[in-house]
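Here are the chains, one letter per residue:
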Amino acid sequence: MYFPTSAARQLSSAPALPLPSEPVLALAPSPRKTLFATVTKSGLSLWRVRPSAVLAHLSRTATSLEEHGENVNLNWSPDGQRIVVQTTESYLVLVTVEYNAEEVPYQTPPLPSRAARNFLPGAGEALPLQSLSLHLEGVVRIEGTLLSVSPRKDYILFSTCNPPSIQRVPWPDMAGESGKESYDNWVVGEEELPWLVDPDVAVCQIVYHRQTGFETWITSDGRAYLVQLHQEQNVTSGASEVSGGDEERAQLGHLQHSRQSSDSTSSLRGPQWHGTCIHHVDPPRWVQKRKHVDPGDVAKYAYTEPRRAMVIALNPKFSMLAVGTYNGTVEFTSFPSIDGVVPRPQVLQIPNMYAREGTGSVCTMEWSSDGYVLAVGWEKGWAVWSVGGRCLAWGFGVEYEVDEERFQDAFMYGVRGLFWAPGNFELVMLAQSSLNKPDGQLFILPFAKSATTGQHSPDNTQYAFLQMDDRVLVYRGADQPDMSVINPEADVWQHIKVPQSYMSANWPIRYSSLSADGRLIAIAGRRGLVHYSSTSGRWKMFADELQEQAFTVKGGLLWFHHVLIAAVEVAGAYQIRLYSRDLELSNQNVLHREMVPSPVVILSLVDNSLLVYTAENSLYHYLIIPTADTIKLHLCGSITFDGVIGVPSAVRALSWMIPSAQKQIGDPADDLAVATVLMIVGGRLVLLRPRKSEEGEVKYDMQILADRIEFCWIHLRGIGTLENSLWGYDGQGIRVWLNALAIESTPPPTEAGEDVPDRVKESVNIPLDFYPLSVLMDKGIIIGVEVEAATRTNLTFTMFRHVTSSHLFLHHILLFHLENSQCKEAVTFASHYQHLVYFAHALEILLHTVVEEDAEAGETAGDSQDAKDAKGIRLLPATVEFLDHFDDALDVVVGCARKIEMTRWPRLFDIVGNPKILFESCLSSGRLKTAGSYLLVLHGLEQLDGMNGDAIRLLRSAVAAQDWQLCREILRFLHSIDDSGAALQSALVETQILPSVDSQLGQGNGNAH
């Protein structure tokens, strides 16, 4: 998903002014994240994200610091035109950000026209640097010990401690305007905030989340709340005003109001806060008792609850939130239900072996803009987690010794603040402190991320396909011999750099698409698109830059053979364009334009059917029809999902499955009426099943297969059992639903109106210890990567790289068949893979798994009648019967036997057969090496004769076959079972390896006597 790569870039936070260097206390990105600001105790710096450069610096005077206090924290206004700085003496310092069009902050040094070298802009560096300036607008004094500040569009919201209250004041330039927000004050208590679990608290932290229109509060007792302000005149209009017209936010606003409408019993005389507790902690009884007996100052009974909330991060893309606590744990939980019920949280497991000294408290957290990963900063380290709970990368100090005087990566020892840069290719981090210089706290760590995070198309999941800041990485192991796939040291990644001229002006990459054969690649950035052929090694770009800048790709890119399908927005209209790889990129060479009425959310291609899902909650089905001289789209039909899909923008993946009868004899134009549609909505993997009503209309029933699915594969055709199978990854392992078309439909609601639980358990669950990127169906392997961090004593930084990992899935599928007494299906499935060089290894893993399960079942069931009927015990005979269908069975059995405990051998060979008979079978069929392995088994089971006749016969056959390596191993075996050397001597004599050995030994003995 997301993997750090190369090394972090360190920024110098000291201004180029005659000022002393001070440690950076906090950083905050602008609303659009093109800028960010850092604050020290006396200064404020404004930075450009790409390229990373200081654009302005404001230094406060000594008089200001003495009167108003030192800087503590900062926040941006929603419009990005103001910065609010919080001080130690409860003052707000208001700073305006002004743009100066006539000035240029930095200039490229002039070079002569004949210079051999010149400067080329990097990714995202072609746009000129803005000239910005910071001006002090004024200072606001806050009575009652300022705790937290949250600027809004028309006012500043803040919380105080003495007395505990929530207040808001208008911006200075809006204070006298009519109709604007007035001064308001809400006292924290039962009267005005009745939904607080404990009203005797203060609000320590207020954070506003623009995407949802909600804000989160953390109170002094460690609880966290999801809160929204409803206006006086109309609650619904207030919610829609907050939501800003965004469909997803409007829905969440309605959900919040419906949940909290019963909490407020008084009439709405003014703006009212509605909230619900999303993180509940229970202080010890002695704390509760003291507060009950002697209620007074909140600080008097301060208690540091280990689970007290420190930071909250909302993820509206997956309808979940993360809570960072005082003791360092991070908890994932879904949004509260309509009834206000908060689901049980998932506590993330931190790799303890790497955090030997603990993590400290959580200091900062932020989700990526696509919602797939969460970056966490602790007092003593950092980590990146996937939405399913997989720890992708982490740093809690360094694993090996480094030169502390020269080592620069201070973020490895603790992070104070962080945020994701645009495109999520970089993580900007503020270290807790600098190691060896006063200004070494700011770092930018580059990331490689899966292309499925931007576009979840079927072709993007066939290959491991990563994208970086200025290039893409394609896994080519699928085209290599079998052994190269499972060799972790094999270099099978192809690095393809995107043209500098395109990336410098159109950074970051928004969509990446790979063709079905992996040979064609398309990239779309901020504007336009480019495409590449690995056959020719050439990129194609728009020759006319105006044509390139005229449209934006929104909805995705797909390859249909050599034709590129792009969903674009141009001049406020929405189109689907078809480009040919063989023609130059230009408006004149567009093969076909198809107008669509609303923005495209996602594209998907199934055979020659193009599926287009739009923001108006409609699915369009097009047939791709090649003609003699061009190619065009034919609209077959459309259907709306109103009432089925609540938020169209939450749809992340789209495909469908056609019944076999429709595939063979049906009209493709009728596919939409009979297809089972597969979608990932937020994090839910759902099936939409069609059914016709009495009026003949097609309606869909939704069936949820799983939650928190990060991405999925669908295998529509091919290898036996895997046809129409679904493969979903949930952060812990891959869940496989075999033949998804045959999944039973959801039972109808009961008479009481209650829905029957509709989760469908997967057929197979494959746990993984790495992050999967693709499934190589024809090779039976799951490919993925894991991150390695390396440090050296002679290096001043930490190096990050991703290492390719693989996992065989054959034995998991076979085990499912055998557990369900489907031996015939297991043999048919395995026959598709028996040509692989590691097929015998896969069967050996299968047998090993079954033997261990058999032993556990036997120990659990004991000698009772249940032991004979136990599932695990019935499984071993079925597995052995299955193995008998393959020539590798003898090798698999003995290979497994040598890897399990000897106490398991009697049970194994009771089922497989007498090892003596198996040895004779190997010897007669010329499998001498396998027969040699059976010698060890015969010896372990004490079935070798006293004269070692079996070993001698095998040695004689090995000599005849001139297999000297086997001869050496047999002689070593004979020497190990008889320290006197008599067995070895007898074998040498009988096989006549040394004909004179007897006389020589005899002469030697005679001389000795």
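Conventions used here
- Residues numbered from 1 in each chain as written.
- Predicted model: local features only at pLDDT ≥ 70, side-chain atom pairs only at ≥ 80, totals over all residues.
- Heavy atoms only, no water.
- Helix = DSSP H or I, 4+ residues; strand = E, 2+ residues; numbered from the N terminus.
- Buried < 20%, exposed > 50% of the residue type's maximum accessible area, 1.4 Å probe, protein only.
- Polar contact = N/O pair within 3.5 Å; in protein donor to acceptor, adjacent residues only side chain to side chain.
- Contact = heavy atoms within 4.5 Å.
- Axes fitted to C-alpha atoms, helices over the stretch in contact; angles between N-to-C directions.
- Parallel < 35°, antiparallel > 145°, perpendicular 65-115°, else oblique.
- Left-handed = near helix turned anticlockwise from the far one by under 90°.
- Nonpolar A, V, L, I, M, F, W, Y, C, P; charged D, E, K, R; others polar.
- Pairing = 2+ DSSP bridges.
- Core = buried A, V, L, I, M, F, W, Y, C linked by side-chain atoms within 4.5 Å.
- Expected span 1.5 Å × (residues − 1).
- Salt bridge = Lys/Arg side-chain N within 4 Å of Asp/Glu carboxyl O.
- Phe/Tyr/Trp six-rings, centres within 6.5 Å; stacked < 30°, edge-to-face > 60°.
- Lys NZ or Arg CZ within 6 Å of the ring centre and 35° of its normal.

Student: Quick rundown of the side chain of histidine 209? Include the residues and the values.
Tutor: Mapped onto the elements, histidine 209 comes out in strand E15 (residues 203-209). Taking the relative accessible area as the measure of exposure, histidine 209 reaches 13% and is therefore buried. A distance of 3.1 Å separates polar atoms of two side chains, one belonging to histidine 209 and the other to threonine 216. With residues near it in sequence (within four places) discarded, histidine 209 still touches Phe214, Glu215, Thr216, Ile312 and Leu314.

Student: Residue-level account of the packing of helix H20 (residues 949-960) against helix H21 (residues 964-977), with values.
Tutor: In the contact formed by H20 and H21, the axes pass within 8 Å of each other and the chain directions differ by 160 degrees. By the angle between their axes, H20 is roughly antiparallel relative to H21. Seen from above, H20 lies across H21 with left-handed handedness. Side by side, H20 and H21 meet where Ala951, Leu954, Leu955, Ala958 and Val959 of the first sit next to Trp964, Leu966, Cys967, Ile970, Leu971 and Leu974 of the second. In terms of residue class, the contact of H20 with H21 is made up of 11 nonpolar, no polar and no charged.

Student: Can you lay out the pairing of strand E7 (residues 71-76) for me, pointing to particular residues and giving the numbers?
Tutor: As defined by bridge partners, E7 adjoins strand E8 (residues 82-87) across 5 bridges and the pair is classed as antiparallel. Residue pairing in the sheet places asparagine 73 in a bridge with glutamine 86 of E8. Remark: 5 residues form the turn of the hairpin made by E7 and E8, two consecutive strands paired antiparallel; glycine 80 in that turn has positive phi of roughly 75 degrees.

Student: Could you give an account of the nonpolar core, with specific residues and numbers?
Tutor: Val330, Trp382, Phe411, Trp727, Phe809 and Phe882 are the most contacted members of the largest nonpolar core, which has 137 residues in total. Those residues within four positions of tryptophan 727 in sequence are excluded, and the remaining contacts are Phe711, Cys712, Trp713, Leu722, Ile734, Arg735, Val736, Ile766, Val775, Met777, Phe809 and Ile813. By size, the runner-up hydrophobic cluster in this structure holds 40 residues, among which are Ile602, Leu619, Leu705 and Ile709.

Student: Can you tell me about the sheet that holds strand E5 (residues 43-48), naming the residues and giving the values?
Tutor: If you trace the 4 strands from one edge of the open sheet to the other, you get E3-E4-E5-E6, paired in antiparallel fashion. The strands lining the two open edges of the sheet, one partner per strand, are strand E3 (26-29) and strand E6 (53-59). The mean inter-strand angle of the sheet, taken between neighbouring strand axes irrespective of direction, is 20 degrees. Pairing between E3 and strand E4 (residues 35-39): 4 bridges, direction antiparallel. Pairing of proline 29 across the sheet is with phenylalanine 36, part of E4.

Student: Describe helix H19 (residues 928-940), with residues and values.
Tutor: Its 13 residues place the ends of H19 19 Å apart at the C-alpha level, agreeing with the 18 Å of an ideal helix rising 1.5 Å per residue. Taken as a whole, H19 has its buried residues at Leu928, Thr930, Ala931, Gly932, Ser933, Tyr934, Leu935, Val937 and Leu938. Buried residues in H19 make contact with helix H16 (889-897), helix H17 (905-912), helix H18 (915-924), H20 and H21. At the C-terminal side of H19, glutamate 942 shows a positive phi close to 60 degrees.

Student: Go over helix H11 (residues 810-819), please, and point to the residues and values.
Tutor: Of all 10 residues that make up H11, 9 are buried, and the element is covered over most of its length. Where H11 is concerned, the buried positions are Leu810, His811, His812, Ile813, Leu814, Leu815, Phe816, His817 and Leu818. A positive backbone phi angle near 55 degrees is found at serine 821, which sits one or two residues after H11.

Student: Can you lay out the pattern of salt bridges for me, pointing to particular residues and giving the numbers?
Tutor: Inspection of every chain in the model, using the stated rule, returns 25 salt bridges. Taking the shortest distance from any N to any O, the salt bridge between glutamate 426 and arginine 50 comes out at 2.7 Å. With glutamate 426 in strand E28 (residues 426-431) and arginine 50 in the loop between E5 and E6, this residue pair connects regions lying 376 residues apart in the sequence. Taking relative accessible area as the criterion, glutamate 426 reaches 4% and is therefore assigned buried. The salt bridge partner of arginine 223 is aspartate 221, with a shortest N-O separation of 2.5 Å. The residues arginine 223 and aspartate 221 share a single accessibility class, namely buried. Within this structure, Arg9, Arg50, Glu426 and Asp469 form a network of salt bridges that share partners.

Student: A description of unusual backbone geometry should follow, citing residues and the corresponding values.
Tutor: In this chain, asparagine 162 is followed by proline 163 through a cis amide linkage whose omega measures -5 degrees. Tracing the chain through its elements places proline 163 in the loop between strand E12 (155-160) and strand E13 (165-170). Here the amide bond leading from tryptophan 507 into proline 508 is cis, since omega sits at 0 degrees, within 30 degrees of zero. Looking at the element boundaries, proline 508 is found in the loop between helix H7 (500-506) and strand E33 (511-514).

Student: Mind laying out the packing of aromatic side chains, listing which residues take part and the relevant values?
Tutor: Applying the stated criterion across every chain, the model contains 30 aromatic pairs. An angle of 65 degrees between the planes, with centres 5.2 Å apart, marks the rings of tryptophan 420 and phenylalanine 447 as edge-to-face. Taken together, the residues span a long stretch of sequence, with tryptophan 420 in strand E27 (residues 415-420) and phenylalanine 447 in strand E29 (residues 442-450) at a distance of 27 residues. Judged on exposure class, the residue tryptophan 420 and its partner phenylalanine 447 are both buried. Ring pairing ties together the aromatic residues Phe3, Phe711, Trp713, Tyr729 and Tyr771, which thus form one cluster. Lying across the ring of phenylalanine 551, arginine 577 places its NZ or CZ 5.0 Å from the centre.

Student: Run through the side chain of serine 368, naming residues and quoting values.
Tutor: Locating serine 368 in the fold gives a position in the loop between strand E23 (362-367) and strand E24 (373-378). Overall, the relative accessible area of 4% leaves serine 368 in the buried class. Of the polar contacts made by the side chain of serine 368, one reaches the backbone nitrogen of tyrosine 372; its length is 3.4 Å. Not counting the four nearest positions on each side in its chain, serine 368 is found in contact with Tyr2, Val373, Trp420 and Asn424.

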